[in-house]
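Architecture and fold: a report
Here's the letter readout for the chains.
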Amino acid sequence: MSNRPLLPTVVVCAVCLIGLSSPADAASIRWNDIAGGPFDDASNWFPTAIPVAGDDVFFRLGSRVYTVELRRVEASQSVRVGNRDRVTIDLGSYKYTLTSGLNVIQNASLTLKNGTFNGGISADLSGGSLTIDANRATFGGVVNVGNTGGASLTVQNPGNLSGNALFVATGSTAVASFDGAGSQGSMTRDIIVGGGARGTLNVSGGALVRANDRVIIADGSGGLNSAASVKDAGST
């Protein structure tokens with residue numbers, strides 16, 4: 001497939017499978033409870049303090065699986081998940097706001113469940129995975145899936161992801177999947193799949209993916225099933 005833009009405004013939808021920098025460690029607060037628990041319980045953090053808007057938050061206990069629950073609106077500067085942790089943040093009916101961005105690295109995974117997540121400037125998935133599950137996640141800049149180390153992004157049940165641009169496999173193999181009726185991806189500029197490594201964009205079950213500027217499937221390294229419907233966003 002050509003690497004030229006498909007349309008000035010593009011919608012990708014289907015009913016079947018179609019193939020950052022890190023925040024600085026300025027003032028860090030680390031999750032400290034392997035059993036999970038409420039975000040607003042100071043005893044769950046080291047040092048013993050509930051993160052606030054200027055703090056960098058880390059989840060990296062080491063191959064642990066746990067759920068962190070929001071019981072109110074929360075804010076921090078950044079979130080980094082690493083060291084093979086499998087973390088679920090259940091936002092309930094609340095909103096979690098970052099001012100800098102999100103990093104998921106070191107074979108870790110993060111599931112954002114329910115509620116609303118304002119991810120700040122960007123998301124970098126380098127050797128990690130992000131699942132947006134019945135959650136609305138927004139980033140002001142680029143969502144980069146697969147900068148290094150392989151990565152995956154899943155939007156489901158239904159989930160909603162919006163940002164400036166979505167890059168899949170800029171430096172290593174990566175997959176971005178949007179599944180189920182009501183699940184959406186909406187970028188104000190570009191969606192670029194492949195280029196640096198093998199990248200795949202899957203859109204299934206009635207999900208919808210839209211780019212207001214360009215969708216580029218790189219020759220030889222990007223995958224988008226030809227059965228997908230590609231049309232101008234203004235058409236019916």
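Residues numbered from 1 in each chain as written. Predicted model: local features only at pLDDT ≥ 70, side-chain atom pairs only at ≥ 80, totals over all residues. Heavy atoms only, no water.

What to know about the pattern of salt bridges
We apply this condition: When a carboxyl oxygen of Asp or Glu lies within 4 Å of a side-chain nitrogen of Lys or Arg, that pair is called a salt bridge. For the purposes of this entry, the term helix denotes a DSSP run of H or I that reaches at least four residues, the term strand denotes a run of E that reaches at least two, and both are numbered from the N terminus. Each residue gets one of three labels from its accessible area relative to the maximum for its type: buried under 20%, exposed over 50%, partly exposed in between, using a 1.4 Å probe on protein chains only.
Summed over the entire model, instances satisfying the criterion amount to four salt bridges. A salt bridge links aspartate 40 to arginine 71; the nearest nitrogen and oxygen atoms lie 2.9 Å apart. Linking aspartate 40 in the loop between β3 (37–38) and β4 (45–46) with arginine 71 in the loop between β6 (65–69) and β7 (74–81), this pair joins segments that are 31 residues apart in sequence. On the basis of relative accessible area, aspartate 40 is assigned to the buried category, the value being 18%. Between glutamate 74 and arginine 72 there is a salt bridge, and its shortest N-O distance comes to 2.9 Å. You can call glutamate 74 buried: its relative accessible area is 4%.

Side note on the environment of isoleucine 50
Along the chain, isoleucine 50 turns up in the loop between β4 and β5 (56–59). For the pair isoleucine 50 and glutamate 74, spaced 24 residues apart in sequence, the C-alpha to C-alpha distance is 9.6 Å.

Comments concerning the pairing of strand β20 (residues 199–204)
In plain terms, the rule: We call two strands paired when DSSP finds no fewer than two bridges between them.
Counting buried residues along β20, six of its six residues qualify, which places the element largely inside the surrounding structure. Burial along β20 is two-sided: the face carrying Gly199, Leu201 and Val203 and the face carrying Thr200, Asn202 and Ser204 are both buried. Note that strand β17 (residues 174–179) and β20 share six bridges and pair parallel. Across the sheet, residue aspartate 179 finds its bridge partner in β20, namely serine 204.

Description of the pairing of β7
Extensive coverage of β7 is indicated by the burial of six of its eight residues. Sheet analysis places β5 next to β7, joined by four bridges and oriented parallel. Of the residues in β7, the one forming a bridge with aspartate 56 is serine 78. The sheet contact formed by β7 and strand β8 (residues 86–105) spans seven bridges and is parallel. The residue of β8 that forms the bridge with valine 79 is leucine 102.

Some thoughts on the nonpolar core
Put simply, the rule reads: Throughout, nonpolar core names a set of buried Ala, Val, Leu, Ile, Met, Phe, Trp, Tyr and Cys residues whose side chains join them through atoms within 4.5 Å. Should any heavy atoms of two residues lie within 4.5 Å, those residues are considered in contact.
One finds Phe59, Tyr96, Leu102, Leu153, Leu161 and Phe178 to be the most contacted residues of the largest nonpolar core, which totals 51 residues. Look past the residues within four positions of tyrosine 96 in its chain and what remains in contact with it is Phe39, Val57, Leu70, Glu74, Ala75, Ser76, Val79, Ile89, Leu91, Thr116, Phe117 and Asn118.

Describing the environment of phenylalanine 39
As for its position among the elements, phenylalanine 39 is in the loop between β3 and β4. With 31 residues separating them in the primary sequence, phenylalanine 39 and leucine 70 have C-alpha atoms 5.5 Å apart.

Here's the deal with the packing of aromatic side chains
Quick reminder of the rule: Aromatic contacts are taken between Phe, Tyr and Trp rings whose centres are within 6.5 Å, Trp giving its six-membered ring; a plane angle under 30 degrees counts as stacked, one over 60 as edge-to-face, and the others as tilted.
Under the counting rule described, the total for this entry stands at eight aromatic pairs. Ring geometry for tryptophan 31 versus tyrosine 66: centroids 6.4 Å apart, planes at 5 degrees, classification stacked. Residue tryptophan 31 is located in strand β2 (residues 28–31), and its partner tyrosine 66 is located in strand β6; the two are separated by 35 residues in the primary sequence. Each member of the pair, tryptophan 31 together with tyrosine 66, is buried. An aromatic cluster is built from Trp31, Phe39, Trp45, Phe59, Tyr66, Tyr96, Phe117 and Phe139, whose rings are joined through pairwise contacts.

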